[in-house]
Each structure stands twice: as structure tokens, then as C-alpha cells.
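A look at the structure
The lines below spell out each chain.
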Amino acid sequence: MSSSKTLSIKAAAALLVVITIPAKADYTQPAPPADAQPAQLNPVTVTGARVQYRATDASSGALGHLPLIDTPYSLIVLSRDLLDNQQAATYGDYLKNDPSATVGNVPVGFASLRGFSIGTDGYLYDGLPGNVGLSDGRYQISNLDRVEILKGPSAFLYGLGAASSVGGSMNFIPKRQGDVPVRSASATYTGRALFGINADIGDRFGADRQFGFRVNVGYKDGEQAVRDADWTHKSASLSFDWRAAPGVTSTTIIEYANNQFPQLQPFFVVAAGVAVPKPPKATRNIAQSWDDFETEARTLYQRVDWELNKDWSVTAQLLDGEDHRPATKNARFGSISDSNGDAALFGSISGSTNRQTSGQVLLHGKFDTAFIRHQLTFGLSGSEAKSRFNGDGFLGVYPTNLYNPVDAPEPDTVPITVGLAQKSDASGVLLSDILSIGSQWSLLLGARYSSLEVRNYDTATDDLLPPVNKVHKTAPTAALIYKPVDYASLYANYAQGLEQGGVAPMGTSNGNQVLAPIETEQFEIGGKLELARITLTAAIFDIKRPFEYVDTSDPNVPNGTFVQKGEQEHRGFELGASGAATEDLSLVAGVMLLDPTTKDTGDAGTEGKRPVGVSRLVSNLFADYRVRPLPGLFVNGGVYHVGKQFLDGANTQTVKSSTRFDLGIRYETRLASHRTAFLLGVENIADKNYWANAQSGLLTLAEPRTIKATLRYDY
């Protein structure tokens, strides 16, 4: 481990201990830290009131908490109300509200932003990497207060990891207890027979109510909309905070989640030269009856906020997370050989364990020099990650058909070795300043020096596999903000990113090899307008990244070699709207137009082509309407469109565009003087069969028509 990273984590740990010392002094009721996460006050909502589904501020990584109007980046916030009223259960359920995001229908992380895959370090927990369970598409979201989605390179704001993303990152903000007690319980029904319960309880106690707790527990079990595709989910989280002294708050969060998916729908590649077949009926299960998949995640998080005075504050954070996948028999991956749907599933026994520890210390300060107002940030960050999985465990090949699945007898168990696969260490030092001249002009200047070292190992022997990838890079960022009026801003930004190279697909000549780290960059201009009831946003961006693909130009290498060659450029335009269009109509809407292309690849088959799994057009509209003649009644609907994609780099295999329609109804009332809500929704109401995604050259099947119902009772 590098000395700078060791120093960074030790500094964070020391601050977590030292900061709480003032609590032994004369205690008085403290005020929340100025630069802490936005307070969660559990506001009382009047039954039947319109919900706006818009936020006005967000956590902006290293810059701290900022109003969205003053943030020179494209950033959207998905509120707790939106997640609840859409009955969201997976990250596909809420990422549909951002047109820059596309998601594959599997519990492992197939998601992208602005056409670029999100690496595991692109899933952040309160601004830190390390909650490795977040990349699980079925991560529990009942314990979240909101989800913040930042578009573009995030190396400056959030630091560098072994699997970050140039397209952007998602920041999951956990629930914390405010000043109002919380007592909420819900029962849910989904699909064919998937039943669930959840409880959310929180309160404050102590002589001055200086202690607070928030508990979320959930359980669901049963059959989803796909026949025989069961889901068993168990989760629990505890948040405990201590307002230790005026301006000092310590927060500890413990989380646990377990998900099991027997007969999970597989994903497929399509043989070269074969057209993408029509999708099968989505309710039909293609998986083998013995297929099983399980994930177990646990997280420990500590945060301390210390407001030194009205202008200066310190935040220290530590996060330790582990995601474990027990060794199970599965056949989740397959290959389609012809347009008649003939395919082969590849069976194996696979297991893995991923663990990551990360920490950071941030100092925020405000001061004036002459006519310039400064908002200064200085920080140290560090992380270490370790992955273990098995490279053996092959069970066999099982012929099947998309339209008439064949179930093979369960194979015998074979011994496997879950060995060390990869270690990575990252550290960083950052410095930034927002210089404000008057009330209209602001200039952000910042840089983060990052160091990353990645080692790969032979999983059978734990022997180090050369080369060791080392990179040291200063990622600068600059942005200019102009506010002609208080409720409008125009901005331009430039940012550089750094991320670990891709992993060569299995079957290629260099299968499982991790390529060298790569540098990325983005230019973006945009605008934000916060009207009385609705927020409008727009952005134009240009992102460049070295192109990675399977080079099949050498006839002596039948399956090709995974290489970095040329450039992948995504130019795009985004529009967004969230809030209330009228007194009774709230909406969340957006559209992304993208011009993705490759150049200088040296391969006629990929030169000038569209990258695999990237659409030119993605759009979304969710509308929630209050029916005034019937107090408490709301109706809602959603339309979600994903444009055509290509499954191969030569753009010969086409995945057709798709449009999904959802409908829902919600009735809010009071039972025994307690707020109660009844929700009923139907997703994919037309029961359309379609391929949801072609990201990374893998076909995933969309969900069939799915009925969801929820009873929520606040007591």
C-alpha cells in the first residue's frame, strides 16, 4: 500500500475519533453543520397534496453541499417521493427517470450513463466508493433518502478507483433521522406472487434529543412476473447519529442485504453474421431449473461533520463494504447461433468476494480577498479493494431454444478454487476554489492528484500476473458560471477523468486481462432555470475516451484480441424537466440525443461506427396528476423510449428501438388519523416483448407486463 494512501485513511480515522472530543465539554443543543448533508426533517405531508418531484440542492462530491443552480455540472436528483410513488424496487426502476441512463434487465451491474458503462466505483455511497453491493441491480433502496446522478467524468469530485466511469456516477444518499419521529410500514405485491413487507422507524432521544436512530428492515419472497423466476430478499439497516456538541455530528450506519434469484433469466451473445432474433415471450423462463444466483452484502459507514465556525467546516468519512456471492450452479450466459433462436447455455459453478475500504477528509472554508469571495476545499482520500473469484468450475454446454426452452438434468458438482483475482490501491489529494465576483459570475478551479495501482493474480495459485498497472495523474477541472438572475444560470466546464482499462472478454486471446488505465476528457456547456414550480435543464457535451474493442483482423487469432486503439467520442444534447407543470400535474421528463462514433481504430470494421450498445435517442416522461374532484386520488403514467442499438462493433447486428408504457393510480387518505396510501401500478402495460439492452455486446430481455401494489401506513 502506498504511503500517501495509508496516510489518507489514517487521517480520516484519526479525525473520526478526535472530532468527538468536544462532546465532553459543556453540552448545549447543537445546530447542524453548514456543509453537512442536507437535513432530513421528515416533513409532514398533507394528504392529497401535490408532489413536485424536484430538488433544489445536492451533494456535489468534494465541493460539498451546493444549490443545484450553482453547480456547474449536469446533475439530477431522484427524490424519495419519486421512488415511493413509482414503487421502485431495482435500479432500473428509478434510472428510467434519467434519459442519459440505460439499464440491462439483470441483477448484476449493466448500466451506462451517456453511453459509457458505469464501473463499480461509479456507484457511490454518500460520496464514497466501497459499498460494493451498490452495483447489484437489486440493491435495497428502502434505506435511501435519494439518488443523485452526476453526468461526465467524476475523478475530481469523487476520486479515482479501479473501475470508475467517464459517463458519470450515481451517489446513493442514505436516510438519516431528522427531528420528527418516523413510523412507517408497507406491504407490497409484485408480478405473479412476490410479496414483501418493509418497516421504517426513527426517533430522537436523550436529555436534549441529541441521539437519533433510523431503522429500515425489509423482506420479500415469491415469484416475479417471469414464470418460475423467484426472488428472496432480506435487508436491514441501522443509522445512529450523535449531536455531540454544537456543530458536531457523528453518524454511524450498518447495512446488510441478501438476495437470491433461482432461475434468473440469462443474457446472450449472438454469433457473428447472425441477425439478432426476435425476442421471446418475456414471461417464459429460459433458465435451467437448477440455475441459482445469490448475493450477500454488508456495509459499515462512519461520518463526522464538524462546523468549526460559520465559514469553516471539516467532514471525515470511512466506509467498509463487502459483497459475497456463494458458489452456486448457474447457466446465466449463453450464445445464440441462428435466427430460429437456437442457443447454448454455458454452465458453471461460480463464486466471488469483493471488499473495499475507502475514506476521505474534506476541509471547506469561505473567505474574501478584496472583491472576490472564495469557497475553498482541500481534501485527502484513499481506498483499497480486493477481489476474489474462481477461474474454474465449468459444468458443460446445454443446448436450448429461445422460443422452446430445453431443461437439462442438473449436473454434478465440481470442485472450485475461489482465489485472489485483483488488488487495487488508490489515493488522492485535491484542492479547489470557487471564486465569486458579485452575484452573477463564479469561476471554479480545481485539481485532484490521484495515484492508482492495480495488481492481477492467478486465481488458481494467487501468483501475481504481470504487468502491475500504475498510474499517477493530476485531473484538473474548470468551470464558469453566469447567473443573469437568481433563478437561472449558464455554465461551461472542462474535466479530465482517469479510469482502469477494460477487462478482456472470456474467449478472446487475452481473456480476463485488464488493460492499462486510460485518460478521458469532457467539455460541457449548459443551463438551469428554476421557476416557481418546475426546474428546466439543458446541456451540450463532448466526451472522448480511448476505444476498446475485440480486434478480429488477424486471421491467426480466431476469437480476436481485446485492445485499446483509436478513440470513442460521444457528442450529445440533454434536456430535462422536473416539478409541477400546473397546480395538479407534476412531471419528470427528459431526452438525450447522442452522436456516438469511433475513429482512428485502424480497423475498417469498426472505423466510424457506432459503439456497441449505445442509442442515439433516449427519452422519458413520467406524469402524476391530482384528481381534484376526488381528494387524495392521483393517476400517473410513464413513457420510456430507447433507440436502436448495435450488438457488434461493425454495426451489422441491430437491436430494434423500444417504447414502454406504464400506468398507475394512488389514493392517499387517513385511517385512524394516520396517513395511509394505496398504490397500484402496471409496468409495460402493453406486455411488449423486446430486448432491453445490448450493452457490452450482451442481449438482455426486458421484463414482461408487471403488476405492482403497495399499502403504506404511517403510524
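This report concerns the structure included in the present document.

Conventions used here
Residues numbered from 1 in each chain as written. Predicted model: local features only at pLDDT ≥ 70, side-chain atom pairs only at ≥ 80, totals over all residues. Heavy atoms only, no water. Helix = DSSP H or I, 4+ residues; strand = E, 2+ residues; numbered from the N terminus. Rg over C-alpha atoms; globule rule 2.2 N^0.38 Å. Buried < 20%, exposed > 50% of the residue type's maximum accessible area, 1.4 Å probe, protein only. Contact = heavy atoms within 4.5 Å. Areas by Shrake-Rupley, 256 points an atom, 1.4 Å probe, with all protein chains shown as cover. Lys, Arg positive; Asp, Glu negative; His and termini not counted. Charge placed at Lys NZ, Arg CZ, Asp CG, Glu CD. Pairing = 2+ DSSP bridges. Axes fitted to C-alpha atoms, helices over the stretch in contact; angles between N-to-C directions. Core = buried A, V, L, I, M, F, W, Y, C linked by side-chain atoms within 4.5 Å. Patch = residues over 30% accessible without salt bridge, like charges linked within 9 Å, V, L, I, M, F, W, Y side chains within 5 Å. Salt bridge = Lys/Arg side-chain N within 4 Å of Asp/Glu carboxyl O.

Some thoughts on the overall build of the protein
Summing up its helical and strand segments, the protein has four helices and 37 strands in all. The globule rule puts the C-alpha radius of gyration for 715 residues at 27 Å, and the 25 Å found for the protein is close to it. Reported as C-alpha extents along the three principal axes, the dimensions of the protein are approximately 70 × 60 × 50 Å. Relative to its full complement of 715 residues, the protein shows a buried share of 58%. Contacts in the protein between residues far apart in sequence, at least 24 positions, make up 68% of those at least 6 positions apart. Roughly 27,800 Å² of accessible area belongs to the protein as shown, and the carbon and sulfur atoms make up 60% of that amount. Mean positive and mean negative side-chain charge positions of the protein (64 and 74 charges, respectively) differ by 4 Å.

What about the environment of Glu410?
One can find Glu410 in the loop between strand S20 (394–401) and strand S21 (418–437). When the C-alpha positions of Glu410 and Thr508 are compared, they lie 29 Å apart, and in sequence the two are 98 residues distant. The residues touching Glu410, leaving out its near neighbours within four places in the chain, are Trp290 and Lys329.

Observations concerning the sheet that holds strand S3 (residues 75–79)
Within a sheet, neighbouring strands are paired by backbone hydrogen bonds and run either parallel or antiparallel to one another. Pairing in this open sheet of four strands is mixed, and the strands run S3-S8-S9-S7 from one edge to the other. Looking at the sheet topology across the chains shown, the edges are occupied by S3 and strand S7 (123–125). Put simply, the sheet's adjacent strands are angled 20° from each other on average, direction ignored. Bridging between S7 and strand S9 (residues 168–174) involves three bridges; their strand directions are parallel. Bridged to Tyr123 within S9 is Met170.

Describing the nonpolar core
By size, the foremost hydrophobic cluster in this structure holds 30 residues, and its most contacted members are Tyr94, Leu95, Tyr123, Met170 and Phe172. Contributing elements (two or more residues each) for this core: helix H2 (80–85), helix H3 (91–95), strand S5 (111–113), S7, strand S8 (144–151) and S9. The contact partners of Phe172, leaving out residues within four places of it in the chain, are Tyr94, Tyr123, Leu124, Tyr125, Asp126, Leu134, Leu144, Arg146 and Val147. Listed in part, the 23 residues of the second largest apolar core include Val274, Ala343, Leu395 and Tyr398.

A word on the pairing of strand S23 (residues 464–485)
Pairing of strand S22 (residues 441–457) with S23 involves 16 bridges; the strand directions are antiparallel. From the neighbouring strand, Leu445 faces S23, where its bridge partner is Ala478. Here S22 folds back onto S23, and the loop between the two strands holds six residues, one of which, Asp462, carries a positive phi near 65°. Where S23 hands over to strand S24 (residues 488–499), the hairpin turn is made up of two residues, counted between the paired strands.

Quick look at a nonpolar patch on the surface
Side chains of Phe371, Ile437, Trp441, Leu443, Leu445 and Leu480 sit close together on the surface and give an oily, nonpolar patch of about 580 Å² of accessible area. Broken down by element, the residue count for the nonpolar patch peaks at three residues, all from S22. Tracing the backbone through its elements, the reader meets Leu443 in strand S22. Overall, Leu443 belongs to the partly exposed group, its relative accessible area being 32%.

Brief notes about the side chain of Asn693
Within the element layout of this structure, Asn693 appears in strand S35 (residues 691–693). Sequence-distant contacts of Asn693, that is, excluding residues within four places in its chain, are made with Thr102, Val103, Gly104, Gln645, Leu698, Leu699 and Thr700.

So yeah, pure geometry; function would need other evidence.
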